[in-house]
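Below are the chains, spelled out letter by letter.
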Amino acid sequence: MLCRVRRHQITARESVIDSNSQTERDADEEPPRIGSPLESRVFSLSEAQALFPLVVKITRQSHAELQPLQQRLRVLPRGSVELARAERQYRQIVNGWVNKMRRLGLTVKGLWLVDFDTGDGYLCWKYPELNLGHFHGYAEGFAGRRRLEEVIEELDPDWAHG
């Protein structure tokens, strides 16, 4: 898997992912490259699709952690110590998810909403969508998302063949 990085190169030390995260990948498959949260990557379609199961897994776990907190936040009294503690936990989970997505080279656009930069625009995914199936240009944003198949058929972009 070729990894193109904007601004900075990923060092060998940063490209190692812990073995616990590799349990669902084949032994001969290269692990995802991990970088600084400030680095953004440019992905081909095949690179984004290879990374997508890990993105879904991390997002699903974070989402599940957040569910009980969201329910508690609705019922805890304003100004209470318990509310402050639950809000801190909420922020920690969300910030942890954001940091993980950024370290994978994704652009976080909102809660459970990420973009894979292609150099021409973004492959766009929002949890709980089942696949990486949308694209939008840099200026269009989420509202301008188009089905990925349509974009590939119409524009035949280079990133779709890498």
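Computed from a predicted structure; not experimentally measured.

(A) Broad picture of the overall build of the chain. The number of helices and strands found in the chain is 3 helices and 7 strands. Listing the helices and strands of the chain from first to last along the sequence gives β-β-α-α-β-β-β-β-β-α. Buried residues in the chain amount to 40% of all 162 residues.

(B) A look at the sheet that holds strand β7 (residues 146–147). If you walk across this open sheet you meet the 5 strands as β3-β4-β5-β6-β7, and the pairing is antiparallel. At either end of the open sheet lies a strand with only one pairing partner, and these are β3 (107–110) and β7. Strand contacts of helix α1 (residues 45–75): β4 (113–117) and β5 (122–126), with the helix running at about 20° to β5, the strand carrying the most contacts.

(C) Structural detail: the confidence of the model for the chain. Here the chain averages 83 in pLDDT, and 76% of its residues register 70 or above. Scored below 50 in pLDDT, residues 1–29 shows 56 contacts in the model against residues more than four places distant or in partner chains.

(D) Up close: the packing of aromatic side chains. By the definition in use, this model includes 6 aromatic pairs. Summarising the aromatic geometry, the rings of Phe-43 and Phe-116 are spaced 5.2 Å apart at their centres and angled 75° between planes, so their arrangement reads as edge-to-face. Residue Phe-43 is located in the loop between β2 (41–42) and α1, and its partner Phe-116 is located in strand β4; the two are separated by 73 residues in the primary sequence. Phe-116 matches Phe-43 in its accessibility class, with the two residues each being buried. Their ring planes at 70° and their centres at 5.0 Å tell us that Trp-97 and Trp-112 sit as a pair that is edge-to-face. Within this pair, whereas Trp-97 is found in helix α2 (residues 81–103), its partner Trp-112 is found in the loop between β3 and β4, the two being separated by 15 residues in sequence. Grouping residues by exposure puts Trp-97 and Trp-112 together as buried. Taken together, the aromatic side chains of Phe-52, Trp-125 and Tyr-127 make up a single cluster linked through ring pairs.

(E) Region of the structure containing the nonpolar core. Ranked by size, the top nonpolar core spans 33 residues in total, and within it Val-55, Met-101, Leu-106, Val-114, Phe-116 and Leu-123 carry the most contacts. Mapped onto this core, the elements with two or more residues apiece are α1, α2, β4, β5 and α3 (148–155). Take this core: its biggest share by element is 10 residues, from α1. Filtering out sequence-adjacent residues up to four positions away, Met-101 remains in contact with Val-55, Ile-58, Thr-59, Leu-106, Val-108 and Val-114.

(F) Molecular detail of the side chain of Ser-44. Relative to the helices and strands, Ser-44 resides in the loop between β2 and α1. Side-chain polar atoms of Ser-44 contact the side chain of Ser-46, separated by 3.2 Å.

What counts and what doesn't
Residues numbered from 1 in each chain as written. Predicted model: local features only at pLDDT ≥ 70, side-chain atom pairs only at ≥ 80, totals over all residues. Heavy atoms only, no water. Helix = DSSP H or I, 4+ residues; strand = E, 2+ residues; numbered from the N terminus. Buried < 20%, exposed > 50% of the residue type's maximum accessible area, 1.4 Å probe, protein only. Pairing = 2+ DSSP bridges. Contact = heavy atoms within 4.5 Å. Axes fitted to C-alpha atoms, helices over the stretch in contact; angles between N-to-C directions. pLDDT = per-residue confidence, 0-100. Phe/Tyr/Trp six-rings, centres within 6.5 Å; stacked < 30°, edge-to-face > 60°. Core = buried A, V, L, I, M, F, W, Y, C linked by side-chain atoms within 4.5 Å. Polar contact = N/O pair within 3.5 Å; in protein donor to acceptor, adjacent residues only side chain to side chain.

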